[in-house]
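# Overview (structure and organization)
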Amino acid sequence: MSSTDIAINKTDMHHDHEEHDHHHDQNFFEKYIFSQDHKVIAKQFLFMGIIWAFIGGFLSVLFRLQLGWPEATFTFLEPILGGWVTNGKLDPEFYLAMVTMHGTIMVFFVLTAGLSGTFSNFLIPLQVGARDMASGFMNMLSFWIFFLASIIMFWSLFLENGPAGGGWTIYPPLSALPQAIKGSGTGMTMWLIAMALFIVSQLLGGVNYIATVINLRTKGMSMTKLPLTIWAFTLTAVLGLLSFPVLFSAALLLIFDRSFGTSFYLSDIYIAGEALSNTGGSAILFQHLFWFLGHPEVYIVILPAFGIVSEVIATNSRKPIFGYRAMIGSLLGISVLSFVVWAHHMFVTGMNPFLGSVFMFLTLIIAVPSAVKVFNWLATLWRGNIRFTAAMMFAIGFVSLFISGGLTGIILGNSALDIQLHDTYFVVAHFHLVMGAAAFFGMFCGVYHWFPKMFGRMMDEKLGYVHFWLTFIAVYLVFMPMHYVGIAGFPRRYYNWTGFEAFNMFTDLNTFISIAAIFGFTAQFIFLFNFIYSIFKGRRATQNPWHSNTLEWTTPVNPGHGNWPGEIPAVYRWPYDYSKPGAEQDFIPQTVPFSETQSSNLPQERVLE
Amino acid sequence: MVTDIHKDYKGGVHPLQFTLWLIIISILMMFGAFTSAYIVRREEGNWLEFDLPTSFILSTVLIVLSSVTMQLAYNAAKKDNLTMVKLMVAATMVLGTAFLFAQVEAWGDLVKNNVYFGGVDSNPAGSFLYVLTGVHGFHLITGLLFLLMVLIASLQYRVHSKNILRIQLCNTYWHFLGGLWLYLYFFLQVNH
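These remarks concern the structure in this document. (Residues numbered from 1 in each chain as written. Chains lettered and ligands numbered in written order. Predicted model: local features only at pLDDT ≥ 70, side-chain atom pairs only at ≥ 80, totals over all residues. Heavy atoms only, no water.)

Scanning chain A for helices and strands turns up 17 helices and five strands. Taking 2.2 N^0.38 as the reference for a compact globule, 609 residues should give roughly 25 Å; the C-alpha atoms of chain A span a radius of gyration of 25 Å, in line with that estimate. Long-range pairs, those at least 24 residues apart, make up 76% of the contacts in chain A with a sequence separation of at least 6. In chain A, 29 side chains carry a positive charge and 34 a negative one; their mean positions are 11 Å apart. (Helix = DSSP H or I, 4+ residues; strand = E, 2+ residues; numbered from the N terminus. Rg over C-alpha atoms; globule rule 2.2 N^0.38 Å. Contact = heavy atoms within 4.5 Å. Lys, Arg positive; Asp, Glu negative; His and termini not counted. Charge placed at Lys NZ, Arg CZ, Asp CG, Glu CD.)

Turning our attention to a nonpolar patch on the surface. All names here are of chain A. A contiguous nonpolar surface patch, about 450 Å² in accessible area, is contributed by F375, L378, I403, L407 and I410. When residues of the nonpolar patch are assigned to their parent elements, the largest contribution, three residues, is made by helix α12 (residues 390-412). Looking at the element boundaries, L407 is found in helix α12. (Patch = residues over 30% accessible without salt bridge, like charges linked within 9 Å, V, L, I, M, F, W, Y side chains within 5 Å. Areas by Shrake-Rupley, 256 points an atom, 1.4 Å probe, with all protein chains shown as cover. Salt bridge = Lys/Arg side-chain N within 4 Å of Asp/Glu carboxyl O.)

Following A:P172, the chain continues into A:P173 via a peptide bond in cis, with omega recorded as 5°. The backbone of A:I170 sits at a positive phi, close to 35°, despite the residue not being glycine. Tracing the backbone shows A:I170 in the loop between α5 (136-156) and α6 (186-215). By relative accessible area, A:I170 is classed as buried at 1%. A positive phi angle, close to 60°, is found at B:Y157, a residue other than glycine. (Buried < 20%, exposed > 50% of the residue type's maximum accessible area, 1.4 Å probe, protein only.)

Bringing the nonpolar core into the picture now. Core analysis: the biggest nonpolar cluster contains 268 residues, and A:F108, A:F119, A:W377, A:F398, A:F531 and B:I167 have the highest contact counts within it. When residues in this core are grouped by element, the largest group, 21 residues, is from helix α4 (residues 92-128) of chain A. Among all residues touching A:F108, those that are not within four sequence positions of it are A:G103, A:A113, A:W168, A:M195, A:F198, A:F244, A:L247, A:L293 and A:E297. (Core = buried A, V, L, I, M, F, W, Y, C linked by side-chain atoms within 4.5 Å.)

Okay, the packing of helix α9 (residues 324-337) of chain A against helix α11 (residues 367-381) of chain A next. Residues and elements named next belong to chain A. One way to put it is that α9 packs onto α11 with a least axis distance of 8 Å and a crossing angle of 150°. The angle between the axes of α9 and α11 places the two elements in the roughly antiparallel class. Judged by the twist between their axes, the crossing of α9 over α11 is left-handed. Only P369, S370, V372, K373, N376 and W377 of α11 make contact with α9, whose side of the interface consists of A326, M327, S330, L331, I334 and L337. A breakdown of the residues in the contact of α9 with α11 according to their chemical character gives eight nonpolar, three polar and one charged. (Axes fitted to C-alpha atoms, helices over the stretch in contact; angles between N-to-C directions. Parallel < 35°, antiparallel > 145°, perpendicular 65-115°, else oblique. Left-handed = near helix turned anticlockwise from the far one by under 90°. Nonpolar A, V, L, I, M, F, W, Y, C, P; charged D, E, K, R; others polar.)

Relative to the assigned elements, A:S282 resides in the loop between β5 (274-275) and α8 (283-317). Beyond its immediate chain neighbours, meaning those up to four positions away, A:S282 contacts A:F264, A:Y265, A:L266, B:R41 and B:E44.

Residues and elements named next belong to chain A. Going through the model one piece at a time under the given rule, you end up with nine salt bridges over all chains. In this structure, K39 and D37 form a salt bridge, with 3.3 Å as the shortest nitrogen-oxygen distance. D37 matches K39 in its accessibility class, with the two residues each being buried. A salt bridge links D423 to R492, with the shortest nitrogen-to-oxygen separation between them at 3.4 Å. Here the residue D423 occupies a position in the loop between α13 (415-421) and α14 (425-455), and R492 occupies one in the loop between α15 (461-487) and α16 (501-504), the gap between them amounting to 69 residues. The exposure class assigned to D423 is partly exposed, which follows from its relative accessible area of 33%. Shared partners join several salt bridges into a network, and the residues in it are R573, D577, K580 and E605.

Put into structure tokens, the structure is as follows:
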């Protein structure tokens, strides 16, 4: 194969002659390691995401052991955890650190970088008809900065004093004072460095995604002919672009408070028998800045899943997506609303009740676009020729989880109810269903669906079904009981609750949840096996195995750098012409002009023939 | 096979120019966070009031001048006036560096007036001022590096009307940095 050389524009600008000079074959490093090919970068993000997901899941199993069997001794953990287990008892501060790292890893490293990083990178150029991202170099940089952030975060797990332990929301003053807990020491410093790098990585990726969608669409690809995946990825990137810099600002001020003696968040603190000199800071200020990112962040996690699920449900129902424009409208609505609801995380910080009512009102409005999406998915499934592929199972599972988790969001959005439910397992159950498990299902859905395009081979469907059912059942077994204990006021983040009479009656339920969690975690190894095995030994894929309409299936089975060997195909129609009456097949790819489909054209399409 | 990713792209804004605007938006969000935090924090009281350093006037003049020279360099590049390009890019770099020195001078003035970044005697009012100027200064250093790239390219005769993108991006970024400082200066004058 001849070498593929991607260079920045030559036709209208004529700069960078030097970049046109290397026509040699790419060596191993250029092709697989420091690649600027969006498909390779997407796979790098996917692999990293999977590794992080197993680490994050393993941490959750560890702390579920503690919660499920609070009286037991875990001497068998000593070989793994060393000094963190003394006489078979988990160190309480290490418990806090595990909870913190589980949250950080899952939210940022798996469901932000692993999900957006994989699918935005992989699908945006392929589905809009571009050779690569607007800037391949920045895209590569995005992954490697993420990799560096990953190394620092991973390293912090092995510090003697443990990783960050102040919760994934790292509220000061706890996180700002190294003398407060072990988890606010070096671990927190490394957390902040890793997250700062992570933000830079996400911004580099995000500007690329947006610029590619806006500037590099192929001929005929108008914004209303884009697959919903692309709409979702673009808006995700916009949310990231607007919210991550704010987290960066918040983290920077926290770094100054921790290491340079400023008092942005600290005021009048008396700790370990010593009064601190800091005056004039405001801890609530941090919460405002943090949740201005933090709330859009949950949509950064879930929007890509929305897009992937919309695409997979339409393809496998063999029906056009119901309400294409309503789907775009609801994505836009959710994106806008996501920036004006952050204070619903702060109802109990003593905010003005009137302000609380405003944020409650805005929060509850989100139910409208969310419901539009759910009804559109259900209407797309309605009377479709449903093909239950593994990806489709996960897509339907996603809708189920999103409904179950979304309904409790309406309850939690009420500022009065939040007084009872704040920081209980009810909240844990809510967000794990609606953004944790649901986003994971979106990710699995995408992996099963686009695996043939990524690796040129198919994943095993039967193992996929087993993986789906075990995961689906485990998710509900874990999180349904949590609602129940949460309503009873059971607080989250507690190492030990056996000392509280009110919560002792939930011992059996907690054991049950822990068993279900271990069961669900174990089921993921089926996926891991299927994934790795199929990369090497899977059935070879055909060019368009799902009979899908979108552009990525017009590329060769294993597309090279540049995606299409010849001209980039032009686009003539929207991506959802499935089961069109009068058509020869039950799908008409976007590249087929109306002049070739006269038998199926609608009256208004005749003029386009 | 040589594939040119932007070959199929016709007219309108160049993707990299668009990318730069997006980067500018993200930087703006960062300063938006700082300045709104500043306002929120100031409303809560216990806020040290002090005079802004007089060096800020000098630095403001310097950065406005550097924007002018930057624009002259860009215009010269469009007209293939290569000597002028080199001269004006170099002038912009000098003015930009002088701006940084003026900012450091301003920090010196602040310390003389007992306004500290951190420590026992610090107040968020002063700390915010250091953060705003410091983070802006950091971005200005990245602008200077960009200018250096353009200067090297122009010395190799690679900046002219048919190869305008690099200096065009630099021009946009530099004007943004100048505008950002004017906003910050105005903001500090008003909220003081």
